[in-house]
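So you can see what is in the structure, the chains are spelled out below.
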There are 2 protein chains.
Amino acid sequence: MSIQARRERERAERERSIVTAARGLAETEGWDAVTTRRLAAEIEYSQPVLYSHFKGKGAIMAAVALEGFAELAAELRAARTAASGPALAAVAAAYAAFAERHPALYDAMFTHAVDLPFATPEAPAPLKEGFGELREAIRPLAGDDDLEVLTETFWSGLHGLLTLMRSGRLRREDHERRLALLISRFSG
Amino acid sequence: MSIQARRERERAERERSIVTAARGLAETEGWDAVTTRRLAAEIEYSQPVLYSHFKGKGAIMAAVALEGFAELAAELRAARTAASGPALAAVAAAYAAFAERHPALYDAMFTHAVDLPFATPEAPAPLKEGFGELREAIRPLAGDDDLEVLTETFWSGLHGLLTLMRSGRLRREDHERRLALLISRFSG
DNA sequence: TCCGATGTCTAGCGCTGCTAGGAACGAGTG
DNA sequence: CACTCGTTCCTAGCAGCGCTAGACATCGGA
């Protein structure tokens, strides 16, 4: 029993090291630099080993994204509970800060095509938690509007601001003003 | 003179056919299907010919994007001038319809990394025109807010809605409701 | 001590964007 | 008319990609 247990433990560790290596490589050099060959070299195993853990490169990216969802949810929750009074600005700022701090991670989560279920009950828990934080921050400001739809719309605004800025389509200098404006328009 | 003129004309035609082929292939099979080999086969020349017209695949995508900007600007203008009264809803609907009708084209314009100047005076004219249409539609509703920043923020909202929906991150059914909500929040 | 299963590696497939080097063609000159 | 020079285009190939088949070694159990 013990031998098999050790093997499973080592295997789990290796799987973690794959995800960690992929994330590290992506965050320092971008997803283009994350190739199966480099990943294999990083974990000091041969390429095919990757495929005994994940179905393919896409699955590895999905695993990295999942890690990101958990972190984002935690940071949003921290921002919301720390805020006294209306939390929307604090949560939005935390969201933006996360995207700015981890651009490659953010891309894996929200831009690249990863086949994770999103707006369904089957969505991964961390994802639903993160969305839930946004929803709770918006709830006091919802008025007559449907809370779910309103949250999705605000989220889209946030996401649009960040992706367009990061791809050079919006001037960086005005980021704070745009963010403030978005929040004020959703606080009316 | 005439011979050289014919050659330049033929060359220009070939360049157009490259862009057209790239766009057609992208719109029917997605950008992944747009490879230099398929493109070369499509125009019935060998691969290196592409590189005598464009610096690389990225430049071809940029040319396709540019075509898209012109069309989008025209459609936004048509929607704005046809509208009686507040034009924001009409322009937003036209924007969304364009993105829905030409998803691959939209991606080249706003998602994929194309090295075109955006929020600067050097930005291509069609791009500035399109943004200008959005700005004019928003102007009556700007109030005390900076018009430029407000336009950018609304645009981001629109862009976020569309990209998140198209990548399966937002439920399609609620699209109209979200769009209406975004507009109402920017009309207050 | 041998056997069978498990785990890992080497090698390779078909594809990608891109380029070097040579062949063929046409215009201009003696 | 013959010849050279420039241009245009193609064949062939490079390095790298995601992914996989098949050989090989290693190790627990009989």
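Here the residue index of a chain counts from 1 through its sequence in written order. A letter from A marks each chain and a number from 1 marks each ligand, given out in the order of writing. Reporting of local features is limited, given that this is a predicted model, to residues whose pLDDT is at least 70; pairs of side-chain atoms are given and counted only at 80 or more, and all residues count toward the totals for whole chains, interfaces and linings.

Going by what an unreviewed UniProt entry lists, chain A is known as TetR/AcrR family transcriptional regulator and is assigned to Actinomadura fulvescens.

1. Digging into unusual backbone geometry
Residue and element names in this part refer to chain A. For Glu44, which is not glycine, the phi dihedral falls at a positive 60°. Among the structural elements, Glu44 can be located in the loop between helix H2 (36-43) and helix H3 (47-53). The burial criterion counts other C-beta atoms lying within 10 Å of a residue's C-beta, which is placed from the backbone; the residue is buried at 20 or more, exposed at 12 or fewer, and partly exposed between these limits. Accessibility expressed as a C-beta count within 10 Å gives 10 for Glu44, which makes it exposed. Here a strand is any run of E in DSSP of at least two residues, a helix any run of H or I of at least four, and the numbering for each starts at the N terminus.

2. Re the interface of chain B and chain A
Contact between two residues is assigned when their C-beta atoms, built from the backbone, lie within 7 Å. Residue-level contacts link 29 residues of chain B with 28 residues of chain A. Listed by contribution, the elements that provide at least two residues to the side of chain B that touches chain A are helix H8 (147-166) and helix H9 (175-185) of chain B. Under the scheme applied here, ten amino acids are nonpolar (Ala, Val, Leu, Ile, Met, Phe, Trp, Tyr, Cys and Pro), four are charged (Asp, Glu, Lys and Arg), and all others, including Gly, are polar. By residue class, the composition of the side of chain B that touches chain A is 12 nonpolar, eight polar and nine charged.

3. What about the UniProt feature "DNA-binding region" (unreviewed entry) in chain A?
UniProt positions are given in the numbering used here, feature names are shortened, and annotations may be inferred rather than shown by experiment. Following the UniProt record, the feature "DNA-binding region" (unreviewed entry) maps to residues 35-54 of chain A here. With 75% helix and 0% strand, residues 35-54 of chain A has end C-alpha atoms that lie 14 Å from one another.

4. Some thoughts on the protein's contact with DNA strand D
Near DNA strand D, the surroundings consist of 16 residues, among which Thr35, Thr36, Gly56 and Lys57 of chain A together with Ser46 of chain B are the closest. Among the secondary structure elements, those contributing two or more residues to the surface near DNA strand D are H2, H3 and helix H4 (57-82) of chain A together with helix H3 (47-53) of chain B. Each residue belonging to the surface near DNA strand D can be placed in one class, and the counts come to six nonpolar, seven polar and three charged. Nearness here has a simple definition: the residue's C-beta atom, placed using the backbone, must lie within 6 Å of the molecule or strand.

5. A few points about the relation of the copies chain B and chain A
When the copies are superposed, the least-squares fit takes in the C-alpha atoms of residues with a pLDDT of at least 70 in both. Between chain B and chain A, which share one sequence, the superposing operator has a rotation angle of 180° and an axial displacement of 0.0 Å; the RMSD is 0.1 Å. Here the symmetry operator amounts to a two-fold rotation axis. A symmetric contact is evident, with 97% of the interface residues of chain B recurring at the interface of chain A.

6. What to know about the UniProt feature "domain: HTH tetR-type" (unreviewed entry) in chain A
Feature annotation in UniProt places "domain: HTH tetR-type" (unreviewed entry) on residues 12-72 of chain A, given in this structure's numbering. Secondary structure across residues 12-72 of chain A divides into 80% helix and 0% strand, with the first and last C-alpha atoms of the span separated by 24 Å.

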